[in-house]
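Summary of the model geometry
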Amino acid sequence: MKIAVNQDKCSGHARCYAADAELFPLDDLGYSAVTEEEVPAGAEDRARAGAASCPERAIAAI
Ligand code: F3S
């Protein structure tokens, strides 16, 4: 599984970070620092939960 963040949609709500700071780090301006990352084995549910937390639907967990 991968997580991918659409940087054009990210508005800095940081709910992904609140859900899982390890999988969804922020940059210095408070926007998602993730572009596309492989999800570690066993972290798939955390990735899905973080993706679902984004009100802009900027995160894909695929
Ligand atoms: Fe951005 Fe959504 Fe996270 S707006 S900071 S990807 S909750």
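Residues numbered from 1 in each chain as written. Predicted model: local features only at pLDDT ≥ 70, side-chain atom pairs only at ≥ 80, totals over all residues. Heavy atoms only, no water.

1. Describing the nonpolar core
- Judged by nonpolar contacts, the single largest core of 14 residues is most densely connected at I3, V5, L23, F24, V39, A47 and I59.
- Listing elements by their share of this core, those giving two or more residues are strand 1 (2–5) and helix 2 (44–53).
- In contact with I59, not counting residues within four places along its chain, are A4, V5, C16, F24, G50, A51 and C54. (Core = buried A, V, L, I, M, F, W, Y, C linked by side-chain atoms within 4.5 Å. Buried < 20%, exposed > 50% of the residue type's maximum accessible area, 1.4 Å probe, protein only. Helix = DSSP H or I, 4+ residues; strand = E, 2+ residues; numbered from the N terminus. Contact = heavy atoms within 4.5 Å.)

2. Observations concerning the site of the ligand
- The environment of the ligand is formed by C10, S11, G12, H13, A14, R15, C16, L26, S32, C54, E56 and I59.
- Each residue belonging to the shell around the ligand can be placed in one class, and the counts come to six nonpolar, four polar and two charged. (Near = heavy atom within 4 Å. Nonpolar A, V, L, I, M, F, W, Y, C, P; charged D, E, K, R; others polar.)

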